[in-house]
Amino acid sequence: MSYLGPEFDPPQPRRSRRGPLTVALAALVPGALLGWVVYEAVGAGAGSGGADRTAAPASASGTSAVPSPSADSASPSAPDDGKRPSGGSASGPLRGKVVVIDPGHNPGNFQHTAEIDRKVDIGTNWKECDTTGTSTNDGYTEARFTLDVAHRLRTLLEKQGATVKLTHDGDSPAWGPCVDERARIGNAAHADAAISIHADGSAQGNRGFHVILPGSVHSGAADTRRIVGPSRDLGTRIAGNFLRDTDEPPSNYLGDGTGLVTRTDLGGLNLSTVPKVFIECGNMRDSKDAALLTSGAWRQKAAQGISEGIVSFLHGS
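Residues numbered from 1 in each chain as written. Predicted model: local features only at pLDDT ≥ 70, side-chain atom pairs only at ≥ 80, totals over all residues. Heavy atoms only, no water.

Engineer: Just give me the short version of the overall build of the protein, but keep the residues and values in it.
Structural biologist: The helix and strand tally for the protein stands at 10 helices and 10 strands. Going through the 317 residues of the protein one by one, you find that 57% of them count as buried. Sequence separation of at least 24 residues holds for 84% of the intrachain contacts in the protein that already meet a minimum separation of 6. When the accessible surface of the protein is split by element, carbon and sulfur atoms take 54% of a total near 12400 Å². (Helix = DSSP H or I, 4+ residues; strand = E, 2+ residues; numbered from the N terminus. Buried < 20%, exposed > 50% of the residue type's maximum accessible area, 1.4 Å probe, protein only. Contact = heavy atoms within 4.5 Å. Areas by Shrake-Rupley, 256 points an atom, 1.4 Å probe, with all protein chains shown as cover.)

This is the structure:
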């Protein structure tokens, strides 16, 4: 998602740091993140080795063009059609656990711009219902990416016995849902964990993933005070496993190399009453990240990393 989209206020620009990542990174998951420190130290860092970069995104809006035909070849069809009923296996270590997956945006949003432009209450203020999301320079949209990863993640979690619910799937609903409704779906399901899947739309050269954690909010309908702690635990575990399984570096433009960012301006987090995080799996506007995001094999690794983080959290909760 582009940081200039209506659901996201742009963070204050700051200059990124060069050189080895700090001890803060190792705090995520010691084994995986220590490997990244070595990786960065020997000069194999992805995108952070050039001149210092700021956090200012290149995209001028939170929308992108309708996908071009070339995007089809970049996104092999997922094995499931997105319309089957979801439910965990009769047995498994996650039997009785509920996970809600929120695929960011919706492919149908391009045809429903008037509907997604209406304002909704996110507790701290009012924002647009949803956006179309970003895309790669070749037209592979964020909405298609997020649905693909969500389907892969659902399959992995159901094999562990979890009951998995998606906020939208296939062509239902035709657009949205709005960000406040996405939060309510997780709340109504009494989810043990919830995750919103995204990809960023920042400047070329800005690389890497980051997990967005809810900050403490108590305003209007928003009250995140009870979920801040468990959400940080969930996000930390996801970040470490995502790094280990995908080799995608933590963001070199947000989070000071930790792969973690805390925000209080996102309706999907502000209105949640269950442990929830967002993940930006990479930057669609960077050519190196785009090559990964458009690879079906890499998207499977992404789903695996997210799944392992969620499983670790649920085992420890």
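Engineer: I'd like a description of helix α6 (residues 179-188), backed by residues and values.
Structural biologist: Every buried residue of α6 is accounted for by V179, D180, R182, A183, G186 and N187. Taken end-on, α6 shows its buried residues confined to a sector of 160°, consistent with a single buried face. Of the surrounding secondary structure, the elements contacted by the buried residues of α6 are β1 (98-103), β2 (119-121), β3 (126-128), α8 (267-270) and β10 (276-283). Two residues or fewer past α6, H190 is found with a positive phi of approximately 50°. (Arc of directions from axis to C-beta.)

Engineer: Tell me about the state of the cysteines, and name the residues and values.
Structural biologist: Within the structure shown, the criterion is met by one disulfide. Disulfide pairing is shown between C129 and C178; the S-S distance is 2.1 Å. Judged by the torsion about the S-S bond (-95°), the C129/C178 disulfide is left-handed. Remark: C178 occurs in the loop between β4 (163-166) and α6 and C129 occurs in the loop between β3 and α5 (142-159); sequence separation between them is 49 residues. (Disulfide = S-S within 2.5 Å.)

Engineer: Can you explain the pattern of salt bridges? Please cite residues and give values.
Structural biologist: Tallied over the full model, the rule gives 16 salt bridges. Among the ionic pairs, R207 bridges to D289, the shortest N-O distance being 2.7 Å. Here D289 lies in helix α9 (residues 287-293) and R207 lies in the loop between β5 (193-200) and β6 (210-214), a separation of 82 residues in the sequence. Accessibility expressed as a relative area gives 7% for R207, which makes it buried. (Salt bridge = Lys/Arg side-chain N within 4 Å of Asp/Glu carboxyl O.)

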